[in-house]
Structure formats: C-alpha cells, structure tokens
Amino acid sequence: MTEFLSDVPLVTSQGGRGPGMFGRIVLVVLWLGLCVLPMVLAIGDLELATGRSGTPGTLRVVSCEDLGEGRYDCRGRFTPDSGQGAVEVSASPDSDAGDVLRAQLTPAGDRAVPAGAKGILAALTLPGVGLGGLGFLPYVVMYWLGARRGRGAAVTWGLLVTAAGGALMLAGMVAAYS
C-alpha cells in the first residue's frame, strides 16, 4: 500500500522524509485533539470536586469487591449535609471499605466523588496528561515549517510544560490513591 502514497503529493513530501503538508495538518489536529480531550472530559469531575455541581455530604465506603485484574467495585452510603436520608451510591474504585470522607453526590445521584483538595487533585490527573502531551507540539510545528530561530526556546518550554503536566498527573494520582 505504501508504494501508492508517493503518488499523492499532499500526503508525502517530495523528499520522501515525513508526511506532506496535508499529513502534517492531520497529525497536528489529531495531536491537539488527543491532548485537549482529557481536559474537556475532566470538567464534570472538577465541577463536582470544587462543589459547583452535585450535593455536598459525607461518604462512608461500605464494601469493595475485587473484580480481578486490579479492578474494584466499591459501594457506599452517602449522607447529604442537608440532613436528608442516606442513599446507596458507587464509590471511587480506589477506596477502602470503612473509609469516611467528604464527598459530592453527582446530579444523577448514583455516584459520590471525593471533595476538597483530594478530589480536585484527583480530577486534575487527566488534564495533567493532556498538558504534558502538548509540551512539544510547538517545536514539531516549528521544525516542519523550517523555522530555525526559536526552536531552542520551544524545546525549553516543551520540557517545562511536559514536566508540569507530569507533576500534575502524578500529584493527582497520589491524591486519588492515598
């Protein structure tokens, strides 16, 4: 199949090294999509963790069932701060039976997630992955455009952004599992 790609000038470059202009645009759009998507998907969890949505209260983890392959199904009782009756909910799979923590009940009322600093850091795990992935995109674009000036700065900023994303992801994972 690759022998036909050289007949499509927009997909391969004339020198045969790397993708053509159309291929580069597709790669940049896909790269952006893969890095921005985790940030967008985390908005709901961030709203819950910060208290902008859901019902505040206390979660008591009642049971955690081992599903195998490192997966767990945890159940708990959520008691709203408003004094209404407790409801059965799904708890975070990184919980342990007997845990009692501040939590937010989702608007659907089926799941409770940790609130406060722990919840916020846990919700920032996916945006950290996306941020880390964006670090070297400017360098790649500059390289493909043939820009010579500023590529060193792009590498430096890429290292800093990638390190910041990695630190955010690591902090979120530590918060979620501690």
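Residues numbered from 1 in each chain as written. Predicted model: local features only at pLDDT ≥ 70, side-chain atom pairs only at ≥ 80, totals over all residues. Heavy atoms only, no water.

Here's the deal with the sheet that holds strand β4 (residues 100-105)
Next, step 1: Ordered in space as β3-β2-β1-β4-β5, the five strands form an open sheet in which the pairing is antiparallel. Two strands in the sheet have a free side with no partner beyond their single neighbour: β3 (87-91) and β5 (112-114). On average, each strand axis in the sheet is inclined to that of its neighbour by 50 degrees, with strand direction left out of account.
Next, step 2: Sheet topology places β4 next to β5; three bridges connect them, and they run antiparallel. The residue bridging Q104 from the neighbouring strand is V113, located in β5. (Pairing = 2+ DSSP bridges. Helix = DSSP H or I, 4+ residues; strand = E, 2+ residues; numbered from the N terminus. Axes fitted to C-alpha atoms, helices over the stretch in contact; angles between N-to-C directions.)

Comments concerning the confidence of the model for the protein
Next, step 1: Of the residues in the protein, 91% have a pLDDT of 70 or more, and the chain-wide mean is 86.
Next, step 2: Mean pLDDT per element in the protein: helix α1 (residues 2-5) is the minimum at 54, and helix α5 (residues 125-134) is the maximum at 94. (pLDDT = per-residue confidence, 0-100.)

Quick notes on the pattern of salt bridges
Next, step 1: Following the criterion strictly, the structure yields three salt bridges and no others.
Next, step 2: D45 is the salt-bridge partner of R111, the closest N and O atoms lying 3.7 Å from each other. Of this pair, R111 sits in the loop between β4 and β5 while D45 sits in helix α3 (residues 43-50), placing them 66 residues apart in sequence.
Next, step 3: For D45, a relative accessible area of 33% corresponds to the partly exposed category. (Salt bridge = Lys/Arg side-chain N within 4 Å of Asp/Glu carboxyl O. Buried < 20%, exposed > 50% of the residue type's maximum accessible area, 1.4 Å probe, protein only.)

Section: the pairing of β4
Next, step 1: With six bridges connecting them, strand β1 (residues 55-68) and β4 associate as antiparallel partners. Bridge assignment links L59 to a residue of β4, and that residue is L101.
Next, step 2: Hairpin connection between β4 and β5: a loop of six residues separates the two successive antiparallel strands, and G109 in this loop has a positive phi of roughly 80 degrees.

Here we look at a nonpolar patch on the surface
Next, step 1: Among the surface-exposed residues, F22, V26, L27 and L30 lie close enough to one another that they form a single nonpolar patch of about 350 Å² accessible area.
Next, step 2: Tracing the backbone shows L30 in helix α2 (residues 21-41). (Patch = residues over 30% accessible without salt bridge, like charges linked within 9 Å, V, L, I, M, F, W, Y side chains within 5 Å. Areas by Shrake-Rupley, 256 points an atom, 1.4 Å probe, with all protein chains shown as cover.)

Topic: the pairing of strand β2 (residues 71-80)
Next, step 1: Both β1 and β2 contribute to a ladder of 10 bridges, which runs antiparallel. When the bridges of β2 are listed, G68 appears paired with R71.
Next, step 2: Here β1 hands over to β2 after two residues, with E69 in that stretch at a positive phi of 55 degrees.
Next, step 3: The pairing of β2 with β3 spans five bridges and is antiparallel. By the bridge assignment, G76 is partnered in β3 with V89.
Next, step 4: The hairpin formed by β2 and β3 contains six residues between the paired strands, and G83 there has a positive phi angle of roughly 95 degrees.

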